[in-house]
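Results of the structural survey
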Amino acid sequence: LYFGGHSLGEFTALVAADVLSLADAVRIVHKRGRLMQEAMPVGLGAMTAVIGEKLDTQSILNVLNDLPIDVANVNSAKQVVISGDAKFMTEAESRLAEALAQDQSSVRFVQLNVSAPFHSRFMSPIEESFEDTLRIFQTGMSAGNATGVTSNFTGGFHADDTDEIIRNLVLQLSNTVKWMDNMTELSSQAE
């Protein structure tokens, strides 16, 4: 069996695959949520879905390279989520609308109702604390079962290595969720 979960859902996938117990996962995600909320005061961060045909993530990154805005999620070829400093989100949308207009019949932006800029550089200050949390539960992890679970950080499957699993879960906080890659990996297993 193979499992995948988006962002917080990656922990659900790890529980379903018997990598983590439900009790441990609940404690971990509770701490993760608190840390993520503390990383940036409410209202200072924002996330926006960019919706269009055949979005190119690298082009989006190039347009945003000098703004405190990151690509948080690559959900599909038609949806990428950007995340970062709320003061710059309008500028990011404006730049993207102009840059993508040449390649797109239409581009839409949907502001997400979130309390922080998840999966962005603004989550990096909590990485050490979250790693400390995961280390508390590492002896209960069944790393061998993780090879059937996709990693949001790498886009591929987790390795049979507790340290690497922890590393990937920590880096997932402040990096792009490669959901489209996860879905490609999972669908390749179904063939």
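Each remark here, short or long, concerns the structure printed above.
These remarks concern the structure in this document. Since we're looking at a predicted model, the values are computed, not measured. (Residues numbered from 1 in each chain as written. Predicted model: local features only at pLDDT ≥ 70, side-chain atom pairs only at ≥ 80, totals over all residues. Heavy atoms only, no water.)

**Side note on the pattern of salt bridges**
Rule in force here: When a carboxyl oxygen of Asp or Glu is within 4 Å of a side-chain nitrogen of Lys or Arg, the pair counts as a salt bridge. In this description a helix means any DSSP run of H or I spanning at least four residues, a strand means any run of E spanning at least two, and both kinds are numbered starting from the N terminus. Burial classification: accessible surface area is computed with a 1.4 Å probe over protein chains only, and a residue below 20% of its type maximum counts as buried, one above 50% as exposed, and the rest as partly exposed.
Scanning the entire structure with this criterion turns up eight salt bridges. Linking Arg121 and Asp70 is a salt bridge whose minimum nitrogen-to-oxygen distance equals 2.6 Å. With Arg121 in the loop between β4 (108-111) and α5 (127-136) and Asp70 in strand β2 (residues 69-76), this residue pair connects regions lying 51 residues apart in the sequence. We classify Arg121 as partly exposed; its relative accessible area is 37%. Taking the relative accessible area as the measure of exposure, Asp70 reaches 15% and is therefore buried. Taken together, the shared-partner salt bridges connect Asp66, Glu91 and Arg95 into one network.

**Description of helix α2 (residues 22-39)**
Operational definition: One less than the residue count of a helix, multiplied by 1.5 Å, gives the span that helix is expected to have. The arc refers to the directions leading from the helix axis to the C-beta atoms. The contact criterion used is simple: two residues touch if any of their non-hydrogen atoms lie within 4.5 Å.
In this model α2 runs 25 Å from its N-terminal to its C-terminal C-alpha over 18 residues, within 8% of the 26 Å that 1.5 Å per residue would give. All buried positions along α2 are accounted for by Asp24, Ala25, Ile28, Arg32, Leu35 and Met36. The buried residues of α2 occupy one face: seen down the axis, they fall within an arc of 100 degrees. Relative to its buried face, α2 has exposed residues pointing more than 90 degrees away, namely Leu22, His30 and Glu38. Looking at the buried side of α2, the elements it contacts are α1 (9-16), α5 and α6 (162-172).

**Some points on the nonpolar core**
Threshold: We define the nonpolar core as a collection of buried residues of types Ala, Val, Leu, Ile, Met, Phe, Trp, Tyr and Cys that are connected through side-chain atoms lying within 4.5 Å of one another.
If you look at the biggest cluster of nonpolar residues, it comprises 31 residues, and the most contacted ones within it are Phe11, Leu20, Phe130 and Leu134. Elements supplying a minimum of two residues to this core: α1, α2, β1 (45-51), α5 and α6. The residues contacting Leu20, other than those within four sequence positions of it, are Phe11, Leu14, Val15, Ala25, Ile28 and Met141. Ranked by size, the runner-up nonpolar core spans 16 residues in total, among them Ala46, Leu64, Val74 and Val80.

**Concerning the pairing of β2**
Here is the rule we go by: Being paired, for any two strands, means DSSP has found at least two bridges between them.
Of all the eight residues making up β2, seven are buried; the element is thus mostly covered by neighbouring parts of the structure. Bridge analysis of β2 against strand β3 (residues 79-85) gives six bridges, and the strand direction is antiparallel. Looking across to β3, one finds that Asn73 is bridged to Val81. Where β2 hands over to β3, the hairpin turn is made up of two residues, counted between the paired strands.

**Some remarks on unusual backbone geometry**
One non-glycine residue, Asp18, adopts positive backbone phi at about 65 degrees. Assignment of secondary structure puts Asp18 in the loop between α1 and α2. When its relative accessible area of 53% is taken as the criterion, Asp18 is described as exposed. The residue Lys54 is not glycine, and still its phi comes out positive at about 50 degrees. As for its position among the elements, Lys54 is in the loop between β1 and α3 (57-64). Classification of Lys54 as exposed rests on a relative accessible area of 73%.

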